[in-house]
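# Inside the fold
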Amino acid sequence: MLPMLHKHTVITAALLASLSLTACGKKKDLIAPPPESKAEQTADQTTQKSGTQTDNTNGQIGGGLPNPNSPGTDDYQPPLPEPIPEPKKQPAPPKQSGGTKTETPKQGSQTTPPPAPPAPAKPVEPVKPSTPPVVDTRPAPALGTNPLPPDYRTNDVGNSTRDNLTKRMTGGVTSDGLVYTSSSTDELLNFLRARNEKVDAGTRRLNLEAASSVLSAKMTIDGLTNDAIVTLKVQEGRDVKVYNVAGAVGEGVASPLRSVRAGNGEITTGTRPLDGTLKCVDLDGGCETTFVRLKIGATGSSAILNLVFRSSAADIYFHLPGQYSDTREYLIMREFAISTIQRLNTDNKIKSVRMSSWEVVNGRSGVTLSMKGANNELLAFAGPLLAPEAGTGVNITLSRIAKDQEDTLDLISLQNTKLNYANWIGDARMIANNGLGQVRIALKMRKRANFAQDQFAVTFMRKIKPLVDLTDDNLK
């Protein structure tokens with residue numbers, strides 16, 4: 001009996017020991033972390049060693065690339081380098097128990113990840129204005145210090161590329177070193193520039209800033225009523241504002257100009273006060289050369305703008321190539337030029353040539369060159385009046401003008417203006433400017449079938465009239 005009882009006791013103890021061992025094994029499986037792949041372990045070790053993310057885009061797709069909203073890649077500023085944070089101390093691994101090795105938990109799974117380093121401040125990109133600013137002004141030469149050679153002739157085409165001539169400059173200079181010029185031989189700009197240098201430093205600074213902000217200017221005078229309208233486009237911060245002033249041309253005295261709501265097809269959008277005077281300064285009493293003096297801004301921060309407008313007839317000289325294609329368009333254009341040179345009795349010739357310019361003292365200047373045919377075909381081009389400080393060669397793209405400024409008040413003539421010849425021109429460029437009223441442009445015909453694009457050049461030479469004596473009394 002006793003041996004049998006002892007046998008059952010031994011069997012029961014063995015069963016309990018087996019159950020205890022099984023329960024311990026299940027507890028071990030519950031607290032052990034899932035095994036990591038070798039690739040994940042390698043990536044974790046690399047991240048912990050560097051302390052930074054391996055692909056940082058600064059919150060943008062394609063981080064480190066130029067901002068798509070920036071004006072251009074030339075003005076792009078590269079982002080500042082990422083600051084390298086101090087390496088974080090890893091938490092100590094938990095103690096091993098029961099001879100079982102517990103692996104260090106992967107970062108981000110069981111423990112709180114270290115805070116990401118702060119993103120660097122994005123550099124502020126400069127605002128690129130819509131047009132190149134006037135970056136400098138040249139001091140005005142003393143009157144009489146830059147006389148023309150005695151052999152200079154305003155209608156001599158050779159002077160358009162002559163290098164030993166002193167240009168008449170507005171004083172404005174572009175960022176690439178080109179100078180803005182006048183379109184005449186007189187010294188009106190030099191006189192006005194010298195007068196501006198006599199004021200105090202604060203006033204001179206305001207005047208120069210105002211001059212450099214003028215992007216374009218336009219003046220029209222009604223030949224019947226003598227009403228005049230001057231339109232300015234002015235850079236104000238990031239915006240371009242339009243200002244219009246109007247008045248009547250007087251005889252021998254300066255006429256007042258006042259602000260108006262619209263003029264020359266432009267609605268006034270500027271809010272600063274603007275008024276001034278207008279005076280014709282031709283010696284014969286005409287108004288081919290007009291001086292406009294404007295005061296812009298409120299009292300205490302106002303500035304003076306001096307502008308010169310010129311509009312007169314011009315001589316032209318055609319430079320036609322000896323070899324050319326047989327395209328119908330170029331043959332008609334060539335006949336247009338030859339008939340003008342030979343003064344043939346035909347409608348396919350030029351009946352009028354004009355050269356008009358606007359010139360801001362210590363600022364920009366621009367020119368419009370137009371040829372009107374007896375058949376009402378209009379070829380007109382406009383662009384900035386730029387030249388190198390030494391020499392005459394330039395390469396300035398010109399825009400085509402779609403209407404005749406002289407016919408803006410003549411509806412019948414305006415309706416009859418034709419632009420067939422203008423549409424045949426594929427490219428127009430200013431290639432020479434002597435700063436004295438002579439400008440050469442190169443015209444390239446548009447591409448037609450397999451024919452070559454014929455090219456020819458035209459030199460415009462202003463017919464210059466003498467001005468009144470340059471004194472303060474005459475320019476009041």
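Each chain has its residues counted from 1, running along the sequence as written. Since the coordinates come from a predicted model, pLDDT governs what is reported: local features require at least 70, and pairs of side-chain atoms require 80 or more to be given and counted, while whole-chain, interface and lining totals use all residues. Note that the side-chain values use all heavy atoms of the structure and ignore hydrogens as well as water.

## Considerations on empty space enclosed by the protein
The following threshold applies: A pocket here means an open set of points on a 1 Å grid, computed over the protein atoms alone, that has protein on both sides within 12 Å along at least five of seven lines. A cavity is instead a set of points where a 1.4 Å probe fits but cannot get out; residues with an atom within 4 Å of a point line either one. Grid points are joined across faces, edges and corners, and a volume is the space filled by probe spheres set on the points. Classification convention: Asp, Glu, Lys, Arg as charged; Ala, Val, Leu, Ile, Met, Phe, Trp, Tyr, Cys, Pro as nonpolar; all other residues, Gly among them, as polar.
One pass over the full model with this rule turns up five cavities of 30 Å³ or more. Considering only enclosed or pocket space, the second largest cavity measures out at about 70 Å³ in volume. Forming the boundary of the second largest cavity are 13 residues, of which Glu-288, Thr-289, Ser-312, Arg-462 and Lys-465 lie nearest the centre. Partitioned by chemical class, the residues of the lining of the second largest cavity number two nonpolar, four polar and seven charged.

## Focus on the pattern of salt bridges
The line we're drawing: A pairing counts as a salt bridge when a side-chain nitrogen of Lys or Arg comes within 4 Å of a carboxyl oxygen of Asp or Glu.
Scanning the entire structure with this criterion turns up 14 salt bridges. Because the salt bridges share partners, they merge into one network encompassing Asp-186, Arg-310 and Glu-359.

## A look at the confidence of the model for the protein
Cut-off, in case you're wondering: Per-residue confidence from the predictor is given as pLDDT, running between 0 and 100. When checking whether two residues touch, look at their non-hydrogen atoms; a contact exists if any pair is within 4.5 Å.
Summing up the model confidence of the protein, the mean pLDDT is 78 and the portion of residues at 70 or higher is 68%. The low-confidence segment residues 95-111, where pLDDT is below 50, has 18 contacts with residues more than four positions distant or belonging to other chains. Note on residues 121-130: pLDDT is under 50 here. Beyond four places in sequence and across chains, it has 18 contacts.

## Notes on unusual backbone geometry
Under the convention used in this document: Helical segments are the DSSP runs of H or I of at least four residues, strand segments are the runs of E of at least two, and each set is numbered from the N terminus. Only protein chains enter the accessibility calculation, which uses a 1.4 Å probe; a residue whose area is less than 20% of its type maximum is buried, one above 50% is exposed, and one in between is partly exposed.
Its identity is not glycine, yet Asn-362 carries a phi of approximately 65 degrees, on the positive side. Not every positive phi belongs to a glycine, and Ala-449 is a case in point at roughly 50 degrees. Here Ala-449 shows up in the loop between strand E20 (438-445) and strand E21 (455-462). Owing to a relative accessible area of 64%, Ala-449 belongs among the exposed residues under this scheme.

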